[in-house]
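Fold and geometry: a report
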Amino acid sequence: MDMVVDTIADLHQQFTNLSYNTENLKHDTEIYSSRLPPNLLRFVQVLGSKKYLFGDTITFPDFVFFVELNANLRLLPNCLDEYPTLQEYVNNFSKIEQLSEYISSDVFQSTHLNNMSAKYRG
């Protein structure tokens, strides 16, 4: 479990670096986008045919991973187009009864991902 969480943290660090440490957001987003596929493939491998990262039961890394995928989808709306496993994961997560209403709410959709000092707030 720790290795998966660390891999999610690595992905988050790359997203954060783009968000805060860019001088040319468009150019740096293109670079980020080109480096994203190997990271996503790691998670496709972790998921395999499981519904969530560690099976049919949701665990805390699933929440962290969903937030990270959501952030990437806001930045790059088509970033999961080549990854049906990850699309299904997002769909499964979004259908959780206790979360679905919040995920589809204006509050969730309009909340910035980063603070005021970020070049990309999301």
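Residues numbered from 1 in each chain as written. Predicted model: local features only at pLDDT ≥ 70, side-chain atom pairs only at ≥ 80, totals over all residues. Heavy atoms only, no water.

Further remarks concern the overall build of the chain. Counting secondary structure elements, the chain contains 6 helices and 0 strands. From first element to last, N terminus to C terminus, the chain shows the α and β order α-α-α-α-α-α. Against the compact-globule benchmark of 14 Å for 122 residues, the chain has a radius of gyration of 14 Å, which places it among compact chains. Dimensions of the chain along its principal axes, counting C-alpha atoms only, are 40 × 30 × 25 Å. Counting over 122 residues, the chain shows a buried share of 37%. For the chain, the accessible surface area stands at approximately 7,400 Å², while carbon and sulfur atoms represent 53% of it. (Helix = DSSP H or I, 4+ residues; strand = E, 2+ residues; numbered from the N terminus. Rg over C-alpha atoms; globule rule 2.2 N^0.38 Å. Buried < 20%, exposed > 50% of the residue type's maximum accessible area, 1.4 Å probe, protein only. Areas by Shrake-Rupley, 256 points an atom, 1.4 Å probe, with all protein chains shown as cover.)

For the rest of this paragraph, the subject is the packing of helix α3 (residues 60-75) against helix α4 (residues 84-94). One way to put it is that α3 packs onto α4 with a least axis distance of 11 Å and a crossing angle of 115°. One finds that α3 runs roughly perpendicular with respect to α4. When you trace α3 past α4, the crossing you get is left-handed. When α3 is examined against α4, the residues Asp62, Phe63, Phe65, Phe66, Leu69 and Leu73 are found in contact with a partner set consisting of Leu86, Tyr89, Val90, Phe93 and Ser94. Class assignment for the residues of the contact of α3 with α4 results in 9 nonpolar, 1 polar and 1 charged. (Axes fitted to C-alpha atoms, helices over the stretch in contact; angles between N-to-C directions. Parallel < 35°, antiparallel > 145°, perpendicular 65-115°, else oblique. Left-handed = near helix turned anticlockwise from the far one by under 90°. Contact = heavy atoms within 4.5 Å. Nonpolar A, V, L, I, M, F, W, Y, C, P; charged D, E, K, R; others polar.)

Turning our eyes to something else, we now look at the nonpolar core. With 29 residues, the main nonpolar core has Tyr32, Phe43, Leu53, Phe65, Leu86 and Tyr89 as its most contacted residues. Elements that contribute at least two residues to this core include exactly α1 (2-20), α2 (25-47), α3 and α4. Beyond its immediate sequence surroundings of up to four residues, Tyr89 is in contact with Leu47, Lys51, Tyr52, Leu53, Asp62, Phe65, Phe66 and Leu69. (Core = buried A, V, L, I, M, F, W, Y, C linked by side-chain atoms within 4.5 Å.)

Before going further, it helps to spend a moment on the packing of aromatic side chains. Across all of its chains, the model carries 7 aromatic pairs by this definition. Measuring from centroid to centroid gives 5.1 Å for Phe65 and Tyr89, while their planes differ by 55°, and the two rings are tilted. Of the two residues, Phe65 sits in helix α3 while Tyr89 sits in helix α4, which places them 24 residues apart along the sequence. Note on accessibility: Phe65 and Tyr89 belong to one class, buried. Cluster of aromatic residues (ring-pair linked, three or more members): Phe43, Tyr52, Phe63, Phe65, Phe66, Tyr89 and Phe93. (Phe/Tyr/Trp six-rings, centres within 6.5 Å; stacked < 30°, edge-to-face > 60°.)

Right, let's get into a nonpolar patch on the surface. Nonpolar side chains collect at one region of the surface, where Met1, Phe54, Phe60, Phe63 and Val64 lie side by side and expose about 470 Å² of accessible area between them. Mapping Phe54 onto the fold places it in the loop between α2 and α3. (Patch = residues over 30% accessible without salt bridge, like charges linked within 9 Å, V, L, I, M, F, W, Y side chains within 5 Å. Salt bridge = Lys/Arg side-chain N within 4 Å of Asp/Glu carboxyl O.)

Glancing now at α2. Over its 23 residues, α2 extends 31 Å from the first C-alpha to the last, a length consistent with the 33 Å expected when each residue adds 1.5 Å. At Leu36, α2 shows its maximal kink, close to 35°; a proline, Pro37, follows between one and four residues later. Along α2, the positions that sit buried rather than exposed are Thr29, Tyr32, Leu36, Asn39, Leu40, Phe43 and Leu47. Here the buried face of α2 lies against α1, α3 and α4. Backbone geometry just after α2 places Gly48 at a positive phi near 55°. (Expected span 1.5 Å × (residues − 1). Bend = angle between axes of the 7 residues up to and from the residue.)

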